Amino acid sequence: MQDLNPLAIELNEQIRAASPEVYTLLSELGKRIYFPKGILSQSAEANEKADRFNATRAVALKDNEIMHLGVSRQLVSELSPETIYNYASVLGDTELRQAWKTHLQKANPLLAETTLSLPIVTSGMTHGFSLIAALFVNRDDTLVLPDKIWGNYRLIFQTKAGANIQTYPLFSTDKHFNISGFRKTLSETTTDKLLILLNFPHNPTGYAITRTEAQKIIEGIVACADTGCCILVMVDDAYAGLWYDAEVMQESLFGMLVGCHPNVVPVKIDGATKEEYAWGLRVGFLTFGFPEKLMPAIEGKLSGLIRANTSGVAKISQTLVLEAMKAPDYAEQKQLNYEILRARAVKVKQVTTDARYANLWEVYPSHAGYFICLCLKSGNAEKVRQTLLNEYGIGTIALSNTELRVAYSCLEEADIEDVFSVIAQVIQSQ
Ligand SMILES: Cc1ncc(COP(=O)(O)O)c(C=O)c1O
């Protein structure tokens, strides 16, 4: 076993002193990682003091400007070369981090009263989950997930990090969030460390929870924490803001988790990916509801993990997200996209729940996000998918033998009727 670096020991001590619970949750790698006082800290010192020649940074300068190629610069001519080509800092640009925090506080009234860390910028949400896995997950740690999930969780937490996944059926028999199944899975835990991941609006079903359901989820988690178990709760808010049903809670569960119990450590994973319509820019965020004194050590740990992996998020991506958020038309343009998606959600619900399809499928409740999921009453979903694709040029996702996910976010409202009519035809012909 490798000796811990003195800087890692220092961070560990700071974490242990500020929160023994968070220290308990750290993985072996989480305990080993640190941010070296090397080139980056010497550069930072020189940035402040080197007023004649600064020969520290591993970039090239010309006439005091960052060197670049005009051929790419002309494609984004309104941005300064510095905001396109320079390295971004390891935890992300401070102005973007601040802007995202303001956005979170505005969109989540429950967060108004809480201490919220400055969000850390990640290379998309997948990178955020990978960082959390590296910091907190040891082989054989238990992760509680519903039976219907975004598949990437398995790759990150099970295949890569070696977690032991325990699932509960997402829906109760009356097709609401299965609170008793969730609580039962938590109560069966015998370890002193537990990982939970919750995702609403949900992929693949589009389900969103009500405030009452949210309250029951918190009660279940608190009951488990009362037994002495330390619990990391990851809240995947990929589709935050895309709620189309007045009955469901219109803010993140994260706000209720912050401060709910000393043993409960919540982290919010979200991003520009869906919220800002910027899938390929790869800008995500990690936000913790930790006491302020804990954050410098956690940032030290995450700086080490990021430095050793991507070393930071593309500068131009961060600039584009930040500049969009600052633009005068920002709110109006976002609202416009939201209205389009909402109209499609309403249409999809109306079409899929039509009586003529009642003998073909059951529609899982969908209130938000991008998806609707059909549970077929006959036929095989994979065969249906293949026929739709090969004979009709319609792409869908078969999640199991019976479940077919349709991303209506990619369908024009006017085409929705046709798409589901072909799906029905294919199922009937099987
Ligand atoms: C539930 C969920 N989480 C996260 C993401 C986004 O991840 P990324 O930002 O890495 O594209 C997706 C994208 O499909 C998703 O469905």
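Residues numbered from 1 in each chain as written. Predicted model: local features only at pLDDT ≥ 70, side-chain atom pairs only at ≥ 80, totals over all residues.

1. Overview of helix H15 (residues 315–326)
Reasoning step 1: Over its 12 residues, H15 extends 17 Å from the first C-alpha to the last, a length consistent with the 16 Å expected when each residue adds 1.5 Å.
Reasoning step 2: Taken together, the buried positions of H15 are Lys 315, Ser 317, Gln 318, Thr 319, Leu 320, Val 321 and Leu 322.
Reasoning step 3: Buried residues belonging to H15 abut helix H6 (81–85), helix H7 (94–107), strand S3 (120–122) and helix H13 (272–275). (Helix = DSSP H or I, 4+ residues; strand = E, 2+ residues; numbered from the N terminus. Expected span 1.5 Å × (residues − 1). Buried ≥ 20, exposed ≤ 12 C-beta atoms within 10 Å, placed from the backbone. Contact = placed C-beta atoms within 7 Å.)

2. Here's the deal with the domain arrangement of the protein chain
Reasoning step 1: Examined at the domain level, the protein chain breaks down into domain 1 (8–35 + 90–326) and domain 2 (331–429).
Reasoning step 2: One C-alpha centre belongs to domain 1, the other to domain 2; they are set 29 Å apart.
Reasoning step 3: Facing the 17 residues of domain 1 at the interface are 18 residues of domain 2.
Reasoning step 4: When grouped by side-chain class, the residues that make up the side of domain 1 that touches domain 2 number 11 nonpolar, 4 polar and 2 charged. (Domains from an automatic or database assignment. Nonpolar A, V, L, I, M, F, W, Y, C, P; charged D, E, K, R; others polar.)

3. Quick notes on the sheet that holds strand S10 (residues 361–363)
Reasoning step 1: Spatially, 4 strands are ordered S10-S11-S13-S12 in an open sheet, and the strand pairing comes out antiparallel. One side of each edge strand has no neighbouring strand; the edge strands of this open sheet are S10 and strand S12 (397–398).
Reasoning step 2: Summarising the sheet, strand S11 (residues 371–376) and strand S13 (residues 403–407) pair through 5 bridges and their orientation is antiparallel. The residue of S13 that forms the bridge with Leu 374 is Leu 404. (Pairing = 2+ DSSP bridges.)

4. A closer look at the pairing of S13
Reasoning step 1: For S12 and S13, the ladder comprises 2 bridges, and the chain directions are antiparallel. When the bridges of S13 are listed, Ile 397 appears paired with Arg 405.
Reasoning step 2: Taken together, S12 and the strand that follows it, S13, pair antiparallel across an intervening segment of 4 residues.

5. Looking at the nonpolar core
Reasoning step 1: With 115 residues, the main nonpolar core has Leu 195, Ile 196, Ile 231, Leu 232, Val 233, Met 234 and Leu 253 as its most contacted residues.
Reasoning step 2: Per-element tally for this core: the top contributor is helix H8 (residues 124–136), with 8 residues.
Reasoning step 3: When residues of this core are assigned to domains, at least three map to each of domain 1 (8–35 + 90–326) and domain 2 (331–429). (Core = buried A, V, L, I, M, F, W, Y, C linked by C-beta atoms within 7 Å.)

6. Some thoughts on helix H18 (residues 416–429)
Reasoning step 1: Along its 14 residues, H18 runs 20 Å from first to last C-alpha, staying within 8% of the 20 Å computed at 1.5 Å per residue.
Reasoning step 2: Among the residues of H18, those classed as buried are Ile 416, Phe 420, Ile 423, Val 426 and Ile 427. Projected onto a plane normal to the axis of H18, the buried residues spread over an arc of 115 degrees and lie on a single side. Facing away from the buried surface of H18 by more than 90 degrees, the exposed residues are Gln 428 and Ser 429.
Reasoning step 3: Where the residues of H18 are buried, they touch helix H16 (330–352), S11 and helix H17 (381–392). (Arc of directions from axis to C-beta.)

7. Regarding the site of the ligand
Reasoning step 1: As a structural note, the neighbourhood of the ligand is formed by Gly 124, Met 125, Thr 126, Trp 150, Asn 199, Asn 203, Asp 236, Ala 238, Gly 271, Thr 273 and Gly 284.
Reasoning step 2: With 3 residues, the top contributor of residues to the shell around the ligand is H8. (Near = placed C-beta within 6 Å.)

8. As for the packing of H16 against H18
Reasoning step 1: Where H16 meets H18, the closest approach of the two axes is 10 Å, and the angle between their N-to-C directions is 35 degrees. H18 is crossed by H16, and the crossing has right-handed handedness. Judged by residue contacts, Arg 344, Lys 347, Val 348, Val 351 and Thr 352 of H16 engage Ile 416, Glu 417 and Phe 420 from H18.
Reasoning step 2: Residues belonging to the contact of H16 with H18 are distributed by class as follows: 4 nonpolar, 1 polar and 3 charged. (Axes fitted to C-alpha atoms, helices over the stretch in contact; angles between N-to-C directions. Left-handed = near helix turned anticlockwise from the far one by under 90°.)

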